[in-house]
Amino acid sequence: MSQWGAKYRADAGKKYEEILKFYYNGISIVTMYDESESIVSSPNGTVPVKQTGWVLENGKWYFLQANGAMATGWLKDKNKWYYLTSSGAMATGWIKDKNKCYYLSTSGAMVMNRQYINGRWHLFHSRGNWLGYI
């Protein structure tokens, strides 16, 4: 395929399907995945693969589940708890959930036991909820 020829056809209003079929006779163009899922290129850039796990996008961390859906709410990963907001972004700092306060470190992991935060000692339950100052 000629890069300049493809550009000329695109500038003339041709769709990518028409351009590909012009250069590659007899091909069929098919969708290999659901575009609503999170897809990234494979390491060699040839095959789309579904991305899972932690993803950094626009300075915010998100967690994509095995089915490609974005996780929200509480998430346990590698024995640490994280809270993902309704937008899916990982929370840090103080949050309130079901009338209990929690503190999430800068890594996003929920803290437990004794923690020194902003010049004061705090006590947290083993389930992460804040119990008070020490």
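Throughout what follows, the structure given in this document is the object of discussion. Numbers given to residues run from 1 along each chain, matching the order in which its sequence is written. Per-residue local features are limited, in this predicted model, to residues with pLDDT of at least 70; the limit for side-chain atom pairs, both in listing and counting, is 80 or more; totals at the level of whole chains, interfaces and linings are taken over all residues. The basis for the side-chain values is all heavy atoms of the structure; hydrogens and waters are excluded.

**Some words on the pairing of strand S10 (residues 120-124)**
Phase 1 of the analysis: The pairing of strand S9 (residues 113-117) with S10 spans 5 bridges and is classified as antiparallel. The residue of S10 that forms the bridge with Arg114 is Leu123.
Phase 2 of the analysis: A pair of strands counts as paired when DSSP detects no fewer than two bridges linking them. The way it works is that DSSP assigns letters per residue, a run of H or I at least four long becomes a helix, a run of E at least two long becomes a strand, and they are numbered from the N terminus. Counted between consecutive antiparallel strands, the loop separating S9 from S10 contains 2 residues, among which Asn118 sits at a positive phi close to 50 degrees.
Phase 3 of the analysis: Pairing of S10 with strand S11 (residues 130-133), which is carried by 3 bridges, proceeds in the antiparallel orientation. Looking across to S11, one finds that His122 is bridged to Tyr133.
Phase 4 of the analysis: Turn length for the S10-S11 hairpin, with the two strands adjacent in sequence and antiparallel, is 5 residues, and the turn residue Gly128 shows positive phi of about 100 degrees.

**Observations concerning unusual backbone geometry**
Phase 1 of the analysis: One non-glycine residue, Asn99, lies in the positive phi region at around 65 degrees.
Phase 2 of the analysis: Phi is positive for Asn118, which is not a glycine, with a value near 50 degrees.
Phase 3 of the analysis: Relative to the helices and strands, Asn118 resides in the loop between S9 and S10.
Phase 4 of the analysis: Think of it in three bands: with a 1.4 Å probe and only protein chains considered, a residue is buried below 20% of the maximum accessible area for its type, exposed above 50%, and partly exposed in between. Judged by its relative accessible area of 74%, Asn118 falls in the exposed class.

**Quick word on the nonpolar core**
Phase 1 of the analysis: The set of buried Ala, Val, Leu, Ile, Met, Phe, Trp, Tyr and Cys residues whose side-chain atoms join them within 4.5 Å is what this entry labels a nonpolar core. In terms of nonpolar packing, the biggest core is built from 7 residues, these being Phe63, Ala71, Leu75, Tyr82, Leu84, Met90 and Ala109.
Phase 2 of the analysis: In this structure, Phe63 is in contact with Gly53, Trp54, Ala69, Met70, Ala71, Leu75, Asp77, Leu84 and Gly88, ignoring residues within four places of it in sequence.
Phase 3 of the analysis: Listed in part, the 5 residues of the second largest apolar core include Ile95, Tyr102, Leu104 and Met110. Any two residues whose heavy atoms approach within 4.5 Å are treated as being in contact.

Geometric values such as these leave the question of function open.
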